[in-house]
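Letter by letter, the chains look like this.
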Amino acid sequence: MSGATVSDKLGLSRAGVWKHVEQLRKMGYAIEAIPSKGYRLVSVPDRLSSLELTPLLDTREFGRSIVYEPCVASTNSVAFKRAIDGAPHGEVVIADEQTAGRGRRGRSWVSPPGCNVYLSVVLRPEIDPARAPELTLLTAVAVAETLREAGVRASIKWPNDLLVDGKKVGGILTELSADVDRTAFVIVGIGINVNSSVDAFPVDVAQFATSLQMARGGEQVPRALLTAALLTKLETWFDTWTDEGFEPVRVAWKSLSATLGHEVLVRNDAREVRGLAIDIDATGALLLECGGAVERIVSGDIELPRAKM
Ligand code: BTN
């Protein structure tokens with residue numbers, strides 16, 4: 001774009017445009033300036049602040065408020081505190097690094113800087129708290145579809161692990177603030193291993209974990225594009241769920257499932273159950289066929305009896 005066009009569009013002098021270009025270059029934007037031709041944006045930095053994300057967003061509410069932090073303990077914890085203080089529905093807390101990233105069932109989530117996506121969305125649905133697990137499955141569908149559009153064959157291991165090539169590429173941590181019959185807010189935390197390499201994972205995790213870059217044979221994925229696509233998908237699914245209930249989510253979840261149709265072992269705090277995963281019910285619980293009877297599983301971790309899924 002010619003310098004004249006840029007200054008017209010922005011209402012700045014030519015010197016003013018130059019000053020801003022310099023500022024953007026310092027922030028990591030590569031901008032070519034060719035005398036008598038103008039400016040060309042060559043690349044944008046791989047950062048996830050609202051400066052990078054907002055122009056890419058095609059949403060009404062999700063990500064319209066973005067809180068970006070280079071480093072936090074956990075985006076879920078930050079989002080939870082902000083929600084108590086009145087953060088709006090759809091606010092997104094996003095970090096480049098987490099020092100105490102949290103996973104399900106008290107586990108930690110490995111969150112090195114500069115390569116992955118760690119974000120939490122504040123949701124304020126008007127629902128009975130018993131329906132909150134539906135949001136976890138809804139989020140898993142949105143993430144899986146986004147990953148498929150990014151060129152990998154992602155699937156969902158019940159309830160909400162994202163797998164590629166049988167290894168974990170992402171996870172979801174849902175936290176809730178509610179009275180007995182009223183939900184104040186839900187925090188949906190999403191972690192996706194985007195461009196981390198195998199040595200980013202501790203040895204005990206490495207054999208079960210992968211990243212989009214690893215699954216794409218070393219080709220990097222631009223994090224801002226992926227995040228914007230994810231927030232758009234998430235809002236679309238949230239709207240469908242609000243208008244039509246859980247059934248369309250359930251149908252989509254089943255079509256993306258890596259669990260149904262497999263013999264699995266489910267472990268939770270109370271016990272271990274082995275059986276054939278046949279379905280999820282209208283609440284998102286897993287239905288296992290075990291010796292002729294059907295067991296309804298509401299929480300736990302799944303393993304294939306031999307190889308880990
Ligand atoms: C799991 O599979 O155990 C869930 C992992 C969830 C990780 C994400 S990263 C962003 C958000 N902040 C956290 O501390 N955890 C979630």
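Scroll up a little and you will see the structure.
Residues numbered from 1 in each chain as written. Predicted model: local features only at pLDDT ≥ 70, side-chain atom pairs only at ≥ 80, totals over all residues. Heavy atoms only, no water.

Draft legend 1. View of the overall build of the protein chain. The secondary structure content of the protein chain amounts to 9 helices and 14 strands. Here the C-alpha coordinates of the protein chain stretch approximately 80 × 45 × 30 Å along the principal axes. In the protein chain, which comprises 309 residues, the proportion classed as buried is 50%. Relative to all contacts within the protein chain whose residues are 6 or more apart in sequence, the contacts with residues 24 or more apart total 61%. If you sum the accessible surface of the protein chain, you get close to 14,700 Å²; carbon and sulfur atoms cover 53% of it. (Helix = DSSP H or I, 4+ residues; strand = E, 2+ residues; numbered from the N terminus. Buried < 20%, exposed > 50% of the residue type's maximum accessible area, 1.4 Å probe, protein only. Contact = heavy atoms within 4.5 Å. Areas by Shrake-Rupley, 256 points an atom, 1.4 Å probe, with all protein chains shown as cover.)

Draft legend 2. The arrangement of the pattern of salt bridges in detail. Considering all chains together, one arrives at 27 salt bridges under this definition. For the salt bridge of Arg-25 with Glu-22, the shortest nitrogen-to-oxygen distance reads 2.9 Å. Taken together, the residues span about one helical turn, with Arg-25 and Glu-22 both in helix H2 (residues 14–26) at a distance of 3 residues. Accessibility expressed as a relative area gives 29% for Glu-22, which makes it partly exposed. (Salt bridge = Lys/Arg side-chain N within 4 Å of Asp/Glu carboxyl O.)

Draft legend 3. Main features of the layout of surface pockets. Taken as a whole, the largest pocket spans an internal volume of roughly 930 Å³. The wall of the largest pocket is formed by 39 residues, among which Arg-107, Ser-108, Trp-109, Asp-161 and Lys-168 lie closest to the centre. At 4 residues, strand E8 (residues 167–178) tops the list of elements feeding residues into the lining of the largest pocket. Residue composition of the lining of the largest pocket, grouped by class: 15 nonpolar, 13 polar and 11 charged. In this structure, the second largest pocket spans a volume of roughly 530 Å³. Every residue lining the second largest pocket is counted, 19 residues in all, and those nearest its centre are Val-6, Leu-10, Leu-24, Ile-31 and Leu-41. Within the residue set of the lining of the second largest pocket, elements represented by two or more residues are helix H1 (3–10), H2, strand E2 (38–43) and helix H3 (50–53). (1 Å grid on protein atoms, 1.4 Å probe; cavity = no way out; pocket = protein on both sides within 12 Å on 5 of 7 lines; lining within 4 Å. Points joined across faces, edges and corners; volume = space filled by probe spheres on them. Nonpolar A, V, L, I, M, F, W, Y, C, P; charged D, E, K, R; others polar.)

Draft legend 4. Region of the structure containing the side chain of Lys-233. For Lys-233, the position within the fold is in helix H8 (residues 223–244). Leave out the neighbours within four places in its chain, and Lys-233 touches Ala-142, Glu-145, Thr-146 and Glu-149.

Draft legend 5. Local environment of the site of the ligand. By nearness alone, 20 residues border the ligand, and Ser-74, Gln-98, Arg-102, Arg-104 and Lys-168 come closest of all. One can see that the ligand is located within the largest pocket. For the shell around the ligand, the elements supplying multiple residues, two or more each, are helix H4 (75–84), strand E5 (117–123), E8 and strand E9 (183–192). Top contributing element to the shell around the ligand by residue count: E8, with 4 residues. Among the residues forming the shell around the ligand, the class breakdown is 6 nonpolar, 10 polar and 4 charged. (Near = heavy atom within 4 Å. Sits in = over half its atoms within 2 Å of the grid points.)

Draft legend 6. Looking closely at the packing of helix H5 (residues 132–149) against helix H9 (residues 247–255). Remark: H5 packs on H9, axes separated minimally by 9 Å, with the N-to-C direction vectors making an angle of 50°. Judged by the inter-axis angle, H5 sits oblique to H9. Like other packed secondary-structure pairs, H5 and H9 cross with a definite hand, here left-handed. Contacts between H5 and H9 involve Leu-137, Leu-138, Ala-140 and Val-141 from the former and Val-249, Ala-252 and Trp-253 from the latter. Class assignment for the residues of the contact of H5 with H9 results in 7 nonpolar, no polar and no charged. (Axes fitted to C-alpha atoms, helices over the stretch in contact; angles between N-to-C directions. Parallel < 35°, antiparallel > 145°, perpendicular 65-115°, else oblique. Left-handed = near helix turned anticlockwise from the far one by under 90°.)

Draft legend 7. View of the sheet that holds strand E13 (residues 293–297). One open sheet holds the 5 strands; their spatial order is E13-E12-E11-E10-E14, and the pairing between them is antiparallel. Each having just a single partner strand, E13 and strand E14 (301–303) make up the two edges of the open sheet. Strand after strand, the sheet turns through a mean of 45° between neighbouring axes, direction not considered. Judged from the 5 bridges that link them, strand E10 (residues 263–267) and strand E11 (residues 272–280) form a sheet pairing that is antiparallel. Its bridge partner lying in E11, Leu-265 is registered against Arg-274. (Pairing = 2+ DSSP bridges.)

Draft legend 8. Summary view of the sheet that holds strand E4 (residues 92–98). Read across the open sheet, the 7 strands follow the order E3-E4-E5-E9-E8-E7-E6; overall the sheet is mixed. Both outer strands of the open sheet, strand E3 (66–72) and strand E6 (155–157), are each paired with one neighbouring strand and no more. Adjacent strand axes in the sheet meet at a mean angle of 20°, parallel and antiparallel pairs treated alike. Judged from the 4 bridges that link them, E4 and E5 form a sheet pairing that is antiparallel. By the bridge assignment, Val-93 is partnered in E5 with Ser-120. Relative to E5, H8 is tilted by about 25°, and along the sheet it contacts E4, E5 and E9.

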